[in-house]
Every structure is written in C-alpha cells, then in structure tokens.
Amino acid sequence: MFILTDDDRAIRDTARDFATEYLAPNAVEWDQSKHFPVDVLRKAAALGMGGIYVREDVGGSGLRRLDSVRIFEELAKGCPSIAAYISIHNMVTWMIDKFGTDEQRHRWAPGLCSMEQLGSYCLTEPGAGSDAAALSTKAVRDGDEYVLTGVKQFISGAGTSDVYVVMARTGEPGPRGISAFIVPKDTPGLSFGANEKKMGWNAQPTRQVVFDGARVPAENLLGQEGGGFRIAMHGLNGGRINIAACSVGGGQTALDRTVAYLAERKAFGDRLLDSQALQFRLADMRTELEAARTLLWRAADALDEGTDDVVELCAMAKRFATDAGFEVANDALQLHGGYGYLAEYGIEKIVRDLRVHQILEGTNEIMRVVVARSVVAAAQTGAA
C-alpha cells in the first residue's frame, strides 16, 4: 500500500501533470470570477477522471479507491474546489454503476464518465443536514412515474449538471423510507435557486434544487424502494476519503509554497527558513499531512477490500485529514505574513476552500459520532 509501483506512479503523475497545466495557473482567477470550467473538466475525463472507480464496460477507468485518493490529492494541489467537484461527480457516477440495473448503467454512465454530462448528488435539505434520515422531499408513485416534491440545499454543480441522484421519501419516517432516483436536468417541475455566495469553493456553483411535482419515470428508481439511504451511505464512504484527499492536497500545496517563500524572505539579515522556530513549525505541518495521508491510504485500502471497519476508518480519515489540511493551510497563511492575506499568493484561497471540507460529506462532529459508536459497540461486545 505504501510502496508505489510503476503503474501507481504513472496514475499519480498523470493527475499531477494535469493539475499543474490546467488547474493551478487558473485557480485564483476562477475563484474570483466564479467560473466553472466545464471544458477543463472534460479534459480531465479524457484522462479517465470522470469515472475513476467505475467499471470499464460503461467507460470507467476501473481503478481502486487507493488510486482515487492519490488522484484527488494531486488534483487538489492545483485547485481544491475543482478537485472536490470531480469527487462529487465520481460519487454520482459510481452510484449508478454500482446500484443501477444494466440498462441504467449503459444509459447514464458513459456520458458521465466522459463528463459530456455532469452529475450532482442531492441528499441535504434546508431542514435536514447532518440528520439526513429526516429528509422530507417526497416521491409518490403515480402509475409509471414518481412525483417528486421538495427542496435540496447546498448542491454542488446544481443548475449546470445534467444528472441528479436524488434521495426522496417513498415510505415510512426514518432511513428505511428513503429511495434514490436518477433525475435528468430537463425534467418538468425541476428548477434551481440562485448561485450561493460562499466563503470558498467559488469555482463551482452551489444552488438549491427544487422539485415542484417533478415527474420521473419509475424506471429511474435506483436500486429498490426503501434502499436509498443505504445507497447514500455507501456513496459517502468514498466521498469522505476523496474530500480528505483534497484536504491533504490543498494543505501540501500551502506547505510547499510556504517553504519556498521562507527561503526567499529575509528578516533581520537572515533567511526566515533558517529560523529554528519556523523550521519546527514546518516539521509539525509536514508530520500532520503525512499522518493524514497514511490514515487516508489505510481507509482507501479498507474500502477496496470491504473490511468490517471500513465505515469507521473512512470517518476517521475524513475527520483527521480535513482538520489537518485546514490547519496546515491556515498556518501557511500565518507564515506568509501579510502576503498570505493577498489573493495573488493563492494561500488565502486554499484556506477558504479547505474550510468547508470540515463540514460537508458529514461534519467532523458527525465523524466523531460514527467513530465513537464503533468504540462503544466494541466495548459492549467485549463486556458481553
């Protein structure tokens, strides 16, 4: 897991070269202009990044989750916002590939893998964030269709994306009453709110997705009725380690730029990089990122192998890596002094982008709940 093969390095280097050529030079401009670079996303898809762990018969790359976290770390070194959207798109594509019928897979996955069609994931609602099982969007069966009514909140790519995987209530309260649907953008009754004004992630749109009697063919039900919450949670395991990888990548870029800055900057006649106090801070930043990367790879390997502790490990990796990535970026801004506060250096953008990673894909408080449940359950089993 920790020694990269020639193939592993080739995959990583392809993502690194793409980020260096297409993402990093444009990241600040895209952030300031709120530009969503769809053309660049399709260039990424041409390299296999539209369906990284999707089966090859529908256009996917068929790679491992361990490959994916290395890819997302490299992409995030160029722009965490775009890397994070590609992660969300991959989660949508994987859900259809994993849980869809053969007909659904061949209808929807090829266009998503090529990113000729973009995907969005619709779980969160205005009144149901961390408590996702309490969602209230309804889907009522009417003949050969389902009629969807409700509002989804904080949806990345909304309004631009072509395909929406939507969680809606078809039955009883709680997780067992939730089903998943594939909803195309041109569905009558589907509309979008204004692009949200955000602290970060400005290079991707975030809008409400509104369903007002939106009619979806029954054949667009993903999996079985009542199986939507299970699909959502399986998707989030991968989403959590991907967003953790984006935090590690963003933090690594912030650290690299800080080392270069301290090597050039002088104070009181000496390079800042020669200050032992600052060297110790750099050592701590480097250590935190490496610890996060190690736990992240461990969780990705567990997801590949389907181990019993995969949910716990993905939650641990998400919590630790997103905290570490943000703290490293924030320290990097401090070490840049006033220049870190200027947009042209790119550090303040990384800080803003990484901050939301501690909130989405399950807040880090919820990640602690997930891990704590495992700890308590193990203690109770041992006591029994």
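Reading guide: rules and limits
Residues numbered from 1 in each chain as written. Predicted model: local features only at pLDDT ≥ 70, side-chain atom pairs only at ≥ 80, totals over all residues. Heavy atoms only, no water. Buried < 20%, exposed > 50% of the residue type's maximum accessible area, 1.4 Å probe, protein only. Helix = DSSP H or I, 4+ residues; strand = E, 2+ residues; numbered from the N terminus. Pairing = 2+ DSSP bridges. Phe/Tyr/Trp six-rings, centres within 6.5 Å; stacked < 30°, edge-to-face > 60°. Expected span 1.5 Å × (residues − 1). UniProt positions renumbered as here; feature names shortened; annotations may be inferred. 1 Å grid on protein atoms, 1.4 Å probe; cavity = no way out; pocket = protein on both sides within 12 Å on 5 of 7 lines; lining within 4 Å. Points joined across faces, edges and corners; volume = space filled by probe spheres on them. Nonpolar A, V, L, I, M, F, W, Y, C, P; charged D, E, K, R; others polar.

Draft legend 1. Representation of the pairing of strand 5 (residues 178-184) in the model. Counting buried positions over the 7 residues of strand 5 gives 7, a clear majority of the element. Residue alternation in strand 5 divides its side chains into two sets, Ile178, Ala180, Ile182 and Pro184 and Ser179, Phe181 and Val183, and both sets are buried. Pairing of strand 4 (residues 163-169) with strand 5, which is carried by 7 bridges, proceeds in the antiparallel orientation. Counterpart to Tyr164 in the pairing with strand 5 is Val183. Pairing of strand 5 with strand 8 (residues 221-222) involves 2 bridges; the strand directions are antiparallel. Bridge pairing in strand 8 places Phe181 opposite Leu221.

Draft legend 2. A look at unusual backbone geometry. With a phi close to 55°, Phe268 is a non-glycine residue in the positive phi region. Even without a glycine there, the phi angle at Glu361 is positive, about 60°.

Draft legend 3. Inspection of the packing of aromatic side chains at higher detail. The full count for this structure, using the stated rule, is 8 aromatic pairs. Taking the centre distance of 6.2 Å and the plane angle of 20° together, the rings of Phe2 and Trp297 count as stacked. With Phe2 in the segment before helix 1 (6-23) and Trp297 in helix 8 (residues 276-305), this pair connects stretches of sequence that are 295 residues apart. Considering the side-chain rings of Tyr164 and Phe192, the 5.6 Å spacing of their centres and the 35° angle between planes classify their relative orientation as tilted. Of this pair, Tyr164 sits in strand 4 while Phe192 sits in strand 6 (residues 190-192), placing them 28 residues apart in sequence.

Draft legend 4. Broad picture of helix 9 (residues 310-335). In a regular helix each residue adds 1.5 Å, so 26 residues correspond to 38 Å; helix 9 covers 37 Å between its end C-alpha atoms and thus fits that length. The first or second residue beyond helix 9 is Gly337, which carries a positive phi of 65°.

Draft legend 5. Examining the UniProt feature "domain: Acyl-CoA oxidase/dehydrogenase middle" (unreviewed entry) in the protein more closely. Taken from the UniProt record, the annotation "domain: Acyl-CoA oxidase/dehydrogenase middle" (unreviewed entry) applies to residues 121-213. As a span, residues 121-213 carries 0% helix and 47% strand, and end to end its C-alpha atoms are 19 Å apart.

Draft legend 6. View of the layout of surface pockets. In this structure, the largest pocket spans a volume of roughly 1,200 Å³. Thr124, Ile359, Leu360, Glu361 and Gly362 are the residues nearest the centre of the largest pocket, which is lined by 41 residues in total. Secondary structure elements with two or more residues in the lining of the largest pocket: helix 5 (80-99), strand 1 (119-122), strand 3 (145-156), helix 7 (228-264), helix 10 (347-355) and helix 11 (364-383). Element by element, the count of residues in the lining of the largest pocket is highest for helix 7, at 7 residues. Class assignment for the residues of the lining of the largest pocket results in 21 nonpolar, 11 polar and 9 charged. In this structure, the second largest pocket occupies an estimated 350 Å³ of space. Considering the residues around the second largest pocket, the lining is formed by 17 residues, among which Arg65, Trp94, Lys98, His234 and Leu303 are closest to the centre. When residues of the lining of the second largest pocket are traced back to their parent elements, those giving at least two are helix 5, helix 7, helix 8 and helix 9. With 4 residues, the single largest contributor to the lining of the second largest pocket is helix 5. Per-class residue counts for the lining of the second largest pocket are 7 nonpolar, 3 polar and 7 charged.

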